Amino acid sequence: MTGKIVDVNCKEEDRAKAEKGADIIRKGGTVVFPTETVYGLGADAGNDGACSKIYKIKSRQQDNPLIVHLADKESVGKYAHIENVRKYKELEKLWPGPLTIVMPKRETVGNVASAGLDTVGIRIPDCNFTRAFIRMSGTGIAAPSANRSGKPSATMAEHIMDELDGVDLIYRAERSRIGIESTVIFPEGDSCKILRPGAYTEEDLLKIFHQVTYSGKDDPVRSPGMKYRHYSPDKTVLRADAQSLLDYLKEHRDVLPIVTTETAKFIEGDKIVLGSLSNPYEISSSLYDSLRKLDASNYSKGIIESLPERGFFISVMNRIKKASVEL
Ligand code: AMP
Ligand code: MG
């Protein structure tokens, strides 16, 4: 691990600490920062050389675009053609928050950050410290999740310290509150397409759009990023509903269960507890850490409990499915 670690708190704008990272960004370096979704690995969105470092550190495919993180609504128009997005005024109200809007880009976004596309995904994260850091850097910060490509996203600074080399600074805060990546949408007039489900759900978006669809396998690849494998631990993870999982455990002892608090009560041996079904963010915020714990364990495989596919759990299940195979 390289990179200096600075402890921060998302509730507070500590200007002295924020200036350290801002200075690195202005000089073309890379900074890891906390957000409410996952940790980001950021660089100046307008500096191709700086953004190239991100791809190298993550071993990320060059054609997978980065999300540009901004501090304030006032600066969005500098990076994207918001005037071409009919529902922009309503969408903007969801920021700061776990929403990335894909819009036609302006030339302020470098070609490396946008992976040569004519669109840019923009997000204003809900972490006061991080917004102060972005504001002081004086530029948009292009950032993917702070993990090696293909691994579950980092939701704790410890995940990054184990995994990434060559970062100039790491801001360490608490575990990410939501713990899965932002909802990515592509608005088209009165309709919108969900490119990646997240904490803002189809129901939330239906308050703004007449029609909301999910990008399917048959769609043209709007963003090359959508074709890559994501969110997977190294070990095999099976997936089953609570009852089938408990039945399977009666016959098999060589598998580590990853379950809700409700199901954990019925399991005596080793297990990883995600959290309670009555507290969805408890589950989502511990998901990636749980997958990483499985990789670090002595077990050669895991079995994870399927969640009821309603509302926000649709988004959590989207990540669980990518990381597992059905029993
Ligand atoms: P990550 O790979 O963790 O950075 O997640 C970023 C996600 O946002 C990926 O799924 C990207 O494909 C998507 N994304 C970023 N920029 C764009 C864009 N301009 N168009 C479509 N999707 C995008
Ligand atoms: Mg990622």
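Scroll up a little and you will see the structure.
Residues numbered from 1 in each chain as written. Chains lettered and ligands numbered in written order. Predicted model: local features only at pLDDT ≥ 70, side-chain atom pairs only at ≥ 80, totals over all residues. Heavy atoms only, no water.

S.K.: Help me get a handle on the state of the cysteines, residues and values and all.
M.R.: Considering all chains together, one arrives at one disulfide under this definition. Disulfide partner of Cys10: Cys127, at an S-S distance of 2.1 Å. In this structure, the disulfide formed by Cys10 and Cys127 twists by about -90° around the S-S bond and is classed as left-handed. With Cys10 in the loop between β1 (4-7) and α1 (15-26) and Cys127 in the loop between β6 (119-123) and α5 (128-137), this pair connects stretches of sequence that are 117 residues apart. Relative accessible area serves as the criterion here: at 14%, Cys10 is assigned to the buried category. Exposure remark for Cys127: the relative accessible area of 1% places this residue in the buried category. (Disulfide = S-S within 2.5 Å. Helix = DSSP H or I, 4+ residues; strand = E, 2+ residues; numbered from the N terminus. Buried < 20%, exposed > 50% of the residue type's maximum accessible area, 1.4 Å probe, protein only.)

S.K.: Any details on helix α8 (residues 242-251)? Residues and values, ideally.
M.R.: Residues Leu245, Leu246, Tyr248 and Leu249 constitute the buried set of α8. Relative to the axis of α8, the buried residues are bounded by an arc of 160° and lie together on one face. Seen from the open side of α8, the exposed residues pointing more than 90 degrees away from its buried face are Lys250 and Glu251. Of the surrounding secondary structure, the elements contacted by the buried residues of α8 are β12 (236-240), β13 (255-260), α9 (261-264) and β15 (301-305). Between the side-chain oxygen of the N-cap and the backbone nitrogen of Gln243 there are 3.2 Å, and the N-cap of α8 in question is Asp241. (Arc of directions from axis to C-beta. Contact = heavy atoms within 4.5 Å. Polar contact = N/O pair within 3.5 Å; in protein donor to acceptor, adjacent residues only side chain to side chain.)

S.K.: Kindly report on the sheet that holds β1, identifying the contributing residues and their values.
M.R.: Sheet architecture is open: eleven strands sit in the order β1-β8-β2-β3-β7-β4-β6-β5-β9-β10-β11, paired in mixed fashion. Here the strands that pair on one side only, and so sit at the sheet edges, are β1 and β11 (211-214). Ignoring strand direction, the axes of neighbouring strands in this sheet form an average angle of 30°. By the bridge criterion, three bridges tie strand β5 (residues 99-104) to strand β9 (residues 183-188) in an arrangement that is parallel. By the bridge assignment for β9, Ile101 is matched with Ile185. Most of the contacts of α1 go to strand β8 (residues 169-172), to which it runs at about 150°, and overall it touches β1, β2 (31-33), β3 (40-44), β7 (141-143) and β8. Sheet contacts for helix α2 (residues 48-58): β3 and β7; angle to β3, the most-contacted strand, approximately 155°. (Pairing = 2+ DSSP bridges. Axes fitted to C-alpha atoms, helices over the stretch in contact; angles between N-to-C directions.)

S.K.: Explain the nonpolar core to me, and be specific about the residues and the numbers.
M.R.: Leu91, Trp95, Met103, Ile122, Phe133, Tyr171 and Ile185 are the most contacted members of the largest nonpolar core, which has 68 residues in total. When neighbours within four sequence positions are excluded, Ile122 is seen to be in contact with Ile67, Val68, Leu70, Val76, Tyr79, Ala80, Trp95, Leu99, Thr100, Ile101 and Met103. Grouped together as the second largest cluster of nonpolar side chains are 23 residues, Val38, Tyr231, Ile272 and Ala323 included. (Core = buried A, V, L, I, M, F, W, Y, C linked by side-chain atoms within 4.5 Å.)

S.K.: Lay out the pattern of salt bridges in plain terms, naming residues and giving numbers.
M.R.: Inspection of every chain in the model, using the stated rule, returns 17 salt bridges. One salt bridge connects Arg26 with Glu19, and the closest N-O pair in it is separated by 2.5 Å. Here the residues in one salt-bridge network are Glu19, Asp23, Arg26 and Lys27, joined through shared partners. (Salt bridge = Lys/Arg side-chain N within 4 Å of Asp/Glu carboxyl O.)

S.K.: Can you tell me about unusual backbone geometry, naming the residues and giving the values?
M.R.: Most peptide bonds take the trans configuration, and most residues that are not glycine carry a negative phi. The peptide bond linking Trp95 to Pro96 adopts the cis configuration, its omega dihedral lying at -5°. Mapped onto the elements, Pro96 comes out in the loop between α4 (88-92) and β5. Backbone geometry at Ser59 places phi at a positive 55°, although glycine is not the residue there. Summarising the element assignment, Ser59 is placed in the loop between α2 and β4 (67-69). According to the relative accessible area criterion, Ser59 is partly exposed, its value standing at 43%. Positive phi is not limited to glycine here, since Ala115 has a value of about 55°. For Ala115, the position within the fold is in the loop between β5 and β6.

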